[in-house]
Amino acid sequence: RTVFPFSYNCSRPLTRKLYSTTTTRPLKVSVLGAAGGIGQPLSLLLKLNPYISKLSLFDIHGAAGVAADLSHIDTSSDVQGYATENGGLERSVQDANVVIISAGVPRKPNMTRDDLFAINASIIHKLGRACAVVAPNAIYLVITNPVNSMVPVLKNALAAGGVRDSRKLIGVTTLDSVRASKFLSQVKGASPETIRVPIVGGHSGATIVPLLSQSGVQLSEKERDEIVHRIQFGGDEVVKAKAGAGSATLSMAYAGARMTNAVLRGLSGEVGVTECAYVESPLYTDQGVDFFSSRVTLGKEGAEDIHPVGLINDYETGLLETCLQNLKKSIKKGLSFVP
Ligand code: NAD
Ligand code: LMR
């Protein structure tokens, strides 16, 4: 499994020669919320990504400093920081191939992700309206919580600006996959790189449905129940440990960089790149669920193929039913948002 198709060995120059099977083209990636807890380490990881020629950082506070800092790193990409003044948001996303949104507020202990809805929906909507005008062809990756509702909010904001390509709107659920590999590897004493667990549904508690039966790892019922709970509520562990200082940032930056890399590989013409991601999906529209995370194949147009969940057992069918009931409400809330 390739997480990053390049070496972190600093004595070796990072080079695009590694991608002989793909067409390389200069790609611009913009991060909105770039000076935040996720934005900074994510931007650092993106500065190391050789697919990116332009890295554009926007935040309402502090993006210029983060950009100046990163711009001294000896990789090829140019880094620019933008503030709100002088049309900074619009300039930051102009001609972007990928726009990553981590702008917004994180949880504190005893909060749910849904408690962030009102404030983050306003931010996402505002960003979406501006981006639709200047970056209508970009692929949008939404990190901001609650992801289950923010992706529908962004869909409407982009659509209000005439941007309607559902393949280019993607909610980032990669952290759930990352956690699943790690937690399962700890229980089984295996290497996490060898374990892949499809995670379907959404990104919040009971909407996170790990398909452990497809991982090839044998578990007792007790192990299964504990692991499923840990994957569904992994975010709470970090929120609790950070004790009021926010939620997962570093593991999220890693997960966001992995998802972005997959999108860039698809954009560059590599075939067969798949990740689980939360997209507008035909899989459960008959149950009133228009957005759903499952394995998607990423290509030149974004999320080009959406794969069904595949063979699942009775236990997972039960998880999926609960997921769909919850997801339906979160999606409705997002689509009904009026700024
Ligand atoms: P943070 O508060 O550290 O950073 C957020 C940044 O957004 C800040 O720098 C802030 O200035 C900026 N911001 C606020 N309004 C903005 C606007 N209108 N335009 C541009 N920038 C703006 O928070 P964080 O820890 O980086 O988390 C960000 C979001 O990501 C939260 O909603 C959090 O819940 C979510 N998150 C999602 C996942 C996931 O798996 N998808 C994982 C972790 C966190
Ligand atoms: C996570 O899963 O870590 C994030 O969604 C942040 C959170 O609020 O738990």
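In the annotation of an unreviewed UniProt entry, the protein is listed under the name Malate dehydrogenase and assigned to Schizosaccharomyces japonicus. The heading Catalytic activity (unreviewed entry) in the UniProt record of the protein holds the text "(S)-malate + NAD(+) = oxaloacetate + NADH + H(+)". For the protein, the Subunit (unreviewed entry) comment in UniProt is given as "Homodimer."

1. Quick word on the overall build of the protein
Each helix and strand counted, the protein has 10 helices and 11 strands in total. Computed over C-alpha atoms, the radius of gyration of the protein comes to 19 Å, within 12% of the 20 Å expected from 2.2 N^0.38 for 339 residues, which places it in the range of a compact globule. With respect to the principal axes defined by its C-alpha atoms, the protein has extents near 55 × 50 × 40 Å. In the protein, which comprises 339 residues, the share counted as buried stands at 50%. Of the contacts formed within the protein by residues at least 6 apart in sequence, a portion of 71% connects residues at least 24 apart.

2. Concerning the site of ligand 2
Every residue lining ligand 2 is accounted for by Arg107, Arg113, Asn145, Leu175, Gly234, Gly235, Val238, Val239, Ser247 and Ala248. Residue contributions to the shell around ligand 2 peak at four residues, all from helix H8 (residues 234–242). Across the shell around ligand 2, the residue classes tally to four nonpolar, four polar and two charged.

3. Overview of the packing of helix H6 (residues 174–188) against helix H7 (residues 221–232)
At a minimum axis separation of 9 Å, H6 and H7 run at an interaxial angle of 145°. Judged by the twist between their axes, the crossing of H6 over H7 is right-handed. Touching Asp176, Arg179, Ala180, Phe183, Leu184 and Val187 of H6 are Glu223, Ile227, Arg230 and Ile231, all from H7. Partitioned by chemical class, the residues of the contact of H6 with H7 number six nonpolar, no polar and four charged.

4. Describing H6
Along an α-helix, residues three or four positions apart point the same way, because every turn accommodates 3.6 residues. Compared with an ideal rise of 1.5 Å per residue, which puts 15 residues at 21 Å, H6 spans 21 Å between its outermost C-alpha atoms and is within 8% of the ideal. Within H6, burial applies to Thr174, Leu175, Asp176, Ser177, Val178, Arg179, Ala180, Ser181, Phe183 and Leu184. For H6, the elements touching its buried residues are strand E7 (199–201), strand E8 (208–210), H7, H8, helix H9 (250–267) and strand E9 (273–280). One or two positions beyond H6, positive phi appears at Gly189, with a value near 65°.

5. Comments concerning the nonpolar core
Across soluble globular proteins, nonpolar side chains have a tendency to be buried as a group. In terms of nonpolar packing, the biggest core is built from 97 residues, with Val99, Ile101, Leu141 and Val142 touching the most fellow members. At nine residues, the largest contribution of residues to this core is made by H9. With residues up to four places along the chain from it excluded, the contact list for Ile101 reads Leu32, Gly33, Ile124, Leu127, Tyr140, Leu141, Val142, Ile143 and Thr144.

6. Comments concerning the site of ligand 1
The environment of ligand 1 is made up of 33 residues, and the closest members are Gly33, Gly36, Gly37, Ala103 and Asn145. Residues that form the shell around ligand 1 fall into these classes: 17 nonpolar, 14 polar and two charged.

7. Describing the UniProt feature "binding site: substrate" (unreviewed entry) in the protein
On the UniProt side, "binding site: substrate" (unreviewed entry) is annotated at positions that read Arg107, Arg113, Asn145 and Arg179 here. In this structure, Arg107 sits in the loop between strand E4 (98–101) and helix H4 (117–134). Inspection of the secondary structure puts Arg179 in helix H6. Overall, Arg179 belongs to the buried group, with 26 C-beta atoms counted inside 10 Å.

Basis of the calculations
- Residues numbered from 1 in each chain as written.
- Chains lettered and ligands numbered in written order.
- Predicted model: local features only at pLDDT ≥ 70, side-chain atom pairs only at ≥ 80, totals over all residues.
- UniProt positions renumbered as here; feature names shortened; annotations may be inferred.
- Helix = DSSP H or I, 4+ residues; strand = E, 2+ residues; numbered from the N terminus.
- Rg over C-alpha atoms; globule rule 2.2 N^0.38 Å.
- Buried ≥ 20, exposed ≤ 12 C-beta atoms within 10 Å, placed from the backbone.
- Contact = placed C-beta atoms within 7 Å.
- Near = placed C-beta within 6 Å.
- Nonpolar A, V, L, I, M, F, W, Y, C, P; charged D, E, K, R; others polar.
- Axes fitted to C-alpha atoms, helices over the stretch in contact; angles between N-to-C directions.
- Left-handed = near helix turned anticlockwise from the far one by under 90°.
- Expected span 1.5 Å × (residues − 1).
- Core = buried A, V, L, I, M, F, W, Y, C linked by C-beta atoms within 7 Å.

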